[in-house]
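# Structural overview
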Amino acid sequence: VTNIYMRAFSGCSGLVSVTIPSRVALVGCYAFEDCTALERVTLAEGVQTISYNAFDNCTNLTEVNLPESLTFIDEEAFYGCSSLRAISIPAKVATIGDSAFHRCYGLESVTFHYGLKTIGSEAFRGCTALEQVSLPEGLETVGIYAFSGCGALERITLPDSIRSLGSRVFENCT
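Cut-offs used in this document
- Residues numbered from 1 in each chain as written.
- Predicted model: local features only at pLDDT ≥ 70, side-chain atom pairs only at ≥ 80, totals over all residues.
- Heavy atoms only, no water.
- Pairing = 2+ DSSP bridges.
- Helix = DSSP H or I, 4+ residues; strand = E, 2+ residues; numbered from the N terminus.
- Salt bridge = Lys/Arg side-chain N within 4 Å of Asp/Glu carboxyl O.
- Buried < 20%, exposed > 50% of the residue type's maximum accessible area, 1.4 Å probe, protein only.
- Phe/Tyr/Trp six-rings, centres within 6.5 Å; stacked < 30°, edge-to-face > 60°.
- Core = buried A, V, L, I, M, F, W, Y, C linked by side-chain atoms within 4.5 Å.
- Contact = heavy atoms within 4.5 Å.
- Axes fitted to C-alpha atoms, helices over the stretch in contact; angles between N-to-C directions.
- Polar contact = N/O pair within 3.5 Å; in protein donor to acceptor, adjacent residues only side chain to side chain.

Another aspect to go through is the sheet that holds strand β3 (residues 26-27). Overall, parallel pairing links the 8 strands, which are arranged β1-β3-β5-β7-β9-β11-β13-β15 in an open sheet. Looking at strand neighbours, the two that pair on one side only are β1 (3-4) and β15 (164-165), the edges of this open sheet.

Okay, structure coming up:
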């Protein structure tokens, strides 16, 4: 298996843990959508792309280990993963897609690394537990509403490299 295709495990309500092996390069669209019991996901080195809505509405997902080989997190990849607590974005990820972590209400910590160029619109919108954001040097674009509704946000660090900061990026943040 080199790709996990569209809706391969969608709606598997008893699935608790997933380890994706190194030979898999792509986690496809809606691959694990609505796996509401899923708590842990480990992606081995070799995985490069998480497609749109891949883990959409995995409401019990608390732990995701992303490999350094990952280069792209697509739109709504982790949309509605309301129990996710922390995420570290690997250095090779240049783009975080629109609404990638939208409605991850429990997300308290996000670690960004040099190499990230674009944070899409609404990427972290509604992450109400997020307290601080330190955006990495090299980041150029932050889309509209990217951190809107992050009500616990108390500290923001912007790099000198920012060229475009979308409208309402930090709207309704404390």
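There is more to say, and it comes next.
What follows deals with the pattern of salt bridges. Close approach of charged atoms lets side chains of opposite charge pair. Scanning the model with the defined rule gives 5 salt bridges in all. Put simply, R125 and E122 hold a salt bridge, and the shortest N to O gap is 3.4 Å. On the accessibility criterion, R125 (25% relative accessible area) is partly exposed. Taking relative accessible area as the criterion, E122 reaches 22% and is therefore assigned partly exposed. In this structure, the salt-bridge partner of E171 is R168, at a minimum N-O distance of 3.6 Å. Residue E171 is classed as partly exposed on the basis of its relative accessible area, which comes to 25%.

The next point concerns the packing of aromatic side chains. For any pair of aromatic rings, the description rests on two quantities: the centre-to-centre distance and the angle between the ring planes. A complete count under the given rule lists 9 aromatic pairs for this structure. Geometrically, the ring pair formed by F55 and F78 is stacked, given 5.2 Å between the ring centres and 5° between the ring planes. Separated by 23 residues along the polypeptide, F55 in the loop between β5 (49-50) and β6 (63-65) and F78 in the loop between β7 (72-73) and β8 (86-88) bring together distant segments of the chain. The class of F55 is buried, set by a relative accessible area of 0%. With relative accessibility at 0%, the residue F78 sits in the buried group. For the ring pair F78 and F101, a centre distance of 5.2 Å and an interplane angle of 5° mean the geometry is stacked.

Turning next to the nonpolar core. If you look at the biggest cluster of nonpolar residues, it comprises 50 residues, and the most contacted ones within it are I119 and F147. Elements with a minimum of two residues in this core: β2 (17-20) and β4 (40-43). When neighbours within four sequence positions are excluded, I119 is seen to be in contact with I96, F112, F124, L135, L139, T141, V142, G143, A146 and F147.

Burial along β4 is one-sided: the residues V41 and L43 are buried and none of R40 and T42 is. By the bridge criterion, 4 bridges tie β2 to β4 in an arrangement that is parallel. When the sheet's bridge partners are listed, S17 is paired in β4 with R40. Across 3 bridges, the pairing between β4 and β6 is parallel. Along β6, the bridge assignment pairs V41 with V64.

Now for the sheet that holds β2. Pairing is parallel in the open sheet, where 3 strands are placed in the order β2-β4-β6. Taken across any chain shown, the strands that pair with only one partner, and hence form the sheet edges, are β2 and β6. Geometrically, the sheet is characterised by an average inter-axis angle of 5° between neighbouring strands, direction not taken into account.

Structurally, the position occupied by E33 is in the loop between β3 and β4. Judged by its relative accessible area of 12%, E33 is buried. Reaching out from E33, the side chain makes a polar contact with the side chain of R7 at a distance of 2.6 Å. Contact partners of E33, with chain neighbours within four places excluded, come to R7, S10, G11, N53, A54 and D56.

By themselves, these figures tell us nothing about what the structure is for.
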